[in-house]
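# Observations on the model geometry
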Amino acid sequence: MSQNNVLKGVFLVALGATTYGMLATFVKMAYSEGYTTAEVTTSQFVLGIIGILIINAFQKVKNKEKVVKATSKNIFHLMLAGTSLGMTSLFYYLAVKYIPVSIGIVLLMQTVWMGVLLEMILEKKLPSKQKVIAVFIVLIGTVLATNIINNDIVLDWRGIVWGVLAAASFTTTMFTANRIATGISSAQRSLYMLLGGAVIVFTFGFFTQVTPFNLTIFLKWGIVLSLFGTIIPPLLMNLGFPLTGIGLGSIVSALELPVSVMMAYVLLNEKVILIQWIGIVLIILAIIIMNVNFKRKN
């Protein structure tokens, strides 16, 4: 693999992570205008599905008969996996409704140790020392980044619970997304996972939306949320990860964390103190440790 391809991959993954890092701030801004979680998630998924349908149609015209069609089995498995994608969006957006965005993204990053735990359960073997060290660093970084050691800070328990649930469902999404129907295009896989997620989102909206649905969300925030949440990040990361490899790609994608905190600091005026930045750096360091091969080649 040439150096130019690796650099291109790094750029694509970094741009995708940066884009996704902006998402929670936009959600919070939509909340400030009176929109509900159901309106936010529904508009994002509806417009996201339309966007991915357009991309699929473009690929079909461009590649003609070369596009491998998904089987009914592929579609079922992808939609089933997509339910965790819908739950991730719902739980994450509910979390930032009650706690600052800078805290919400830190809770979402608990996927680092949750992934290690899930891997241990599924593969029935203990994690390496490298991963154990990374997990401890993540936990220390989380304590600092959420600033829970400061007695003056009181976080809404609802936000913490939703944030942890978002991390758990995101862990499930990451494990299933790269293992199901890998023989079809990423655009098709994204489409069927979005459809599965939409079932969860629409069901949530049906049972929780007590006021008339405000359709202005589609034009005001829906386009932005779908682009930054369901179209651009997966598209760029699916293009970038094959060029960088999983290890380097995972490290670069950690940019999502500081970008999300900076966006909240600049646009929402959220206070982020030095100890929280130290915690954020520790979490990024843990991701690097987990994905770097320290063994020397003979």
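Residues numbered from 1 in each chain as written. Predicted model: local features only at pLDDT ≥ 70, side-chain atom pairs only at ≥ 80, totals over all residues. Heavy atoms only, no water.

### Observations concerning the confidence of the model for the chain
Our working rule: A residue's pLDDT is the confidence the predictor assigns to it, expressed on a 0 to 100 scale. Each helix corresponds to a stretch of at least 4 residues labelled H or I by DSSP, and each strand to a stretch of at least 2 residues labelled E; elements are numbered beginning at the N terminus.
When the pLDDT values of the chain are averaged, the result is 87; 94% of them are 70 or greater. Confidence, read as mean pLDDT per element, is least for helix α11 (residues 246-253) in the chain (76) and greatest for helix α2 (residues 23-32) (95).

### Some remarks on a nonpolar patch on the surface
Selection criterion: Candidate patch residues must exceed 30% relative accessible area and have no salt bridge, after which like charges are joined if within 9 Å and Val, Leu, Ile, Met, Phe, Trp or Tyr side chains if within 5 Å. What sets the accessible areas is the Shrake-Rupley method with a 1.4 Å probe; for residues, cover comes only from the shown protein chains. For this document, the term salt bridge refers to a Lys or Arg side-chain nitrogen within 4 Å of an Asp or Glu carboxyl oxygen. Each residue gets one of three labels from its accessible area relative to the maximum for its type: buried under 20%, exposed over 50%, partly exposed in between, using a 1.4 Å probe on protein chains only.
On the surface, a nonpolar cluster with roughly 380 Å² of combined accessible area is contributed by Met262, Tyr265, Val266 and Leu267. Residue leucine 267 is classed as partly exposed on the basis of its relative accessible area of 41%.

### Describing the packing of helix α5 (residues 101-108) against helix α12 (residues 256-267)
Stated precisely, the cut-off is as follows: Under this scheme, a helix contributes an axis fitted over its contacting stretch, all axes are lines through C-alpha atoms, and angles between N-to-C directions fall in the 0 to 180 degree range. In what follows, roughly perpendicular refers to angles from 65 to 115 degrees, roughly parallel to angles under 35, roughly antiparallel to angles over 145, and oblique to any angle outside these ranges. For a crossing to be left-handed, the near helix must be turned anticlockwise from the far one by less than a right angle; the clockwise case is right-handed. Should any heavy atoms of two residues lie within 4.5 Å, those residues are considered in contact. Under the scheme applied, nonpolar residues are Ala, Val, Leu, Ile, Met, Phe, Trp, Tyr, Cys and Pro; charged residues are Asp, Glu, Lys and Arg; polar residues are all the others, including Gly.
One way to put it is that α5 packs onto α12 with a least axis distance of 8 Å and a crossing angle of 165°. Here α12 runs roughly antiparallel to α5, going by the angle between their axes. In terms of crossing hand, the pair formed by α5 and α12 is right-handed. Seen from α5, the contacting residues are Val101, Ser102, Ile105, Val106 and Leu108; seen from α12, they are Glu256, Leu257, Ser260, Val261 and Ala264. Its residues placed into classes, the contact of α5 with α12 shows 7 nonpolar, 2 polar and 1 charged.

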